[in-house]
Every structure is written in C-alpha cells, then in structure tokens.
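So the chains spell out like this:
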Amino acid sequence: MSELPDAGLFEIALLLFDYRMRYRVEGGSMLPLLREGDQLVVDKNAPVEVGDVIIARHPFIKGLEMVKRVARIDERGNYFLLGDNPAESTDSRTFGAVPIECIKGKVVSRLR
C-alpha cells in the first residue's frame, strides 16, 4: 500500500455508526505515507495480509497502540511489523513478532 485512499461517504457513514474506528497518527514512524496528525479509518474485521498498514497494541507496553506495516506472517500466525521510516520506528526489529490478538484492525482510508 504505497497510497492510502481518502475516506468516501460510505467509509464516513460506517465510522459514524461505529462499524469503523478512528485513529490519529502520532510520530513519524510511517513517513512518508502517514504524517503526524493524520486521521485514519480502521476496519477491525478486515483480513490482514502482508503489505497492509494496521493498528496494533504494543506487545509489552500496556495501553500503547501503534500504526505499522505487516512485513511478514510466520508459520505460527505471528505478525512481523515494520514502520515505513526505520530511523523513527520502534517495531518488530525491537520487540519481535506479535500474535493476532495484538492486531486491532486494518487501515482502510484517511480522513481529510
């Protein structure tokens, strides 16, 4: 996913009726795709594949959620997550692969 589509009326309606979640980007770990302050629409029920941008709970820091790209999925179903901007990203290179339970949802669009 080199580009992220803008949310259309359908995605906004799903967000308003709580079928989607909204997140705000903090930090520069996903530059240039995502910038500080970007508002994201996340589908908690979408299947997640390699290359997708997702929201995940940090495996060791309670209450911390992060936006990362799925780099690979191992044979046990654990997700190796990377930031697009490695110099600014704390990701699976530091904390290892995360289980599916840490994945909150797939980023499907950006609010403008």
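For the structure given in this document, a descriptive report is provided here. (Residues numbered from 1 in each chain as written. Predicted model: local features only at pLDDT ≥ 70, side-chain atom pairs only at ≥ 80, totals over all residues. Heavy atoms only, no water.)

**What to know about the pairing of strand β1 (residues 21–24)**
Link 1 in the chain: Going residue by residue along β1, you find M21 and Y23 tucked away on one face and R22 and R24 left uncovered on the opposite face.
Link 2 in the chain: Bridging between β1 and strand β2 (residues 39–43) involves four bridges; their strand directions are antiparallel. Each residue of the ladder has a partner; that of Y23, found in β2, is L40. (Buried < 20%, exposed > 50% of the residue type's maximum accessible area, 1.4 Å probe, protein only. Helix = DSSP H or I, 4+ residues; strand = E, 2+ residues; numbered from the N terminus. Pairing = 2+ DSSP bridges.)

**Regarding the nonpolar core**
Link 1 in the chain: The biggest cluster of nonpolar side chains holds 13 residues, and the ones touching the most others in it are L34, L40, V53, I55, V67 and V107.
Link 2 in the chain: For this core, the secondary-structure elements that each account for two or more residues are β1, β2 and β3 (53–57).
Link 3 in the chain: Once residues lying within four places of it in the same chain are set aside, the contact partners of I55 are Y23, L40, V42, E65, M66, V67, C102, I103, K104, G105 and V107.
Link 4 in the chain: Listed in part, the 11 residues of the second largest apolar core include L81, F95, V98 and I103. (Core = buried A, V, L, I, M, F, W, Y, C linked by side-chain atoms within 4.5 Å. Contact = heavy atoms within 4.5 Å.)

**Observations concerning the environment of E88**
Link 1 in the chain: With respect to the helices and strands, E88 occurs in the loop between β5 (79–82) and α2 (92–95).
Link 2 in the chain: Between the C-alpha atoms of E88 and L31, which are 57 residues apart in sequence, the distance is 8.8 Å.

**Side note on helix α1 (residues 9–16)**
Link 1 in the chain: Among all positions of α1, only E11, L14 and L15 are buried. In a view along the axis of α1, the buried residues occupy a sector of 105 degrees, so they form one face of it. When the buried face of α1 is taken as reference, the exposed residues oriented beyond 90 degrees from it are L9, F10 and L16.
Link 2 in the chain: Those residues of α1 that are buried are in contact with β1, β2 and β6 (103–111).
Link 3 in the chain: D18 sits one or two residues past α1 and shows a positive phi near 65 degrees. (Arc of directions from axis to C-beta.)

**A few points about the environment of R76**
Link 1 in the chain: Position of R76 relative to the elements: it lies in the loop between β4 (65–73) and β5.
Link 2 in the chain: As a C-alpha pair, R76 and I100 span 24 residues in sequence and 10.0 Å in three-dimensional space.

**Some details on the sheet that holds β2**
Link 1 in the chain: Judged by pairing direction, the sheet is antiparallel, and its six strands sit side by side in the order β1-β2-β6-β3-β4-β5 without closing on themselves. Strand pairing shows two members of the sheet lacking a second neighbour, β1 and β5, which therefore form its edges. Shown here is a sheet whose adjacent strand axes are inclined to one another by a mean of 50 degrees, direction ignored.
Link 2 in the chain: Packed on one face of the sheet, α1 meets β1, β2 and β6 and runs near 135 degrees to β6. (Axes fitted to C-alpha atoms, helices over the stretch in contact; angles between N-to-C directions.)

**Here we look at a nonpolar patch on the surface**
Link 1 in the chain: On the surface, L9, I12, L16, F17 and Y19 cluster together to form a nonpolar patch covering roughly 630 Å² of accessible area.
Link 2 in the chain: Tracing the backbone shows L9 in helix α1. (Patch = residues over 30% accessible without salt bridge, like charges linked within 9 Å, V, L, I, M, F, W, Y side chains within 5 Å. Areas by Shrake-Rupley, 256 points an atom, 1.4 Å probe, with all protein chains shown as cover. Salt bridge = Lys/Arg side-chain N within 4 Å of Asp/Glu carboxyl O.)

By themselves these figures say nothing about function.
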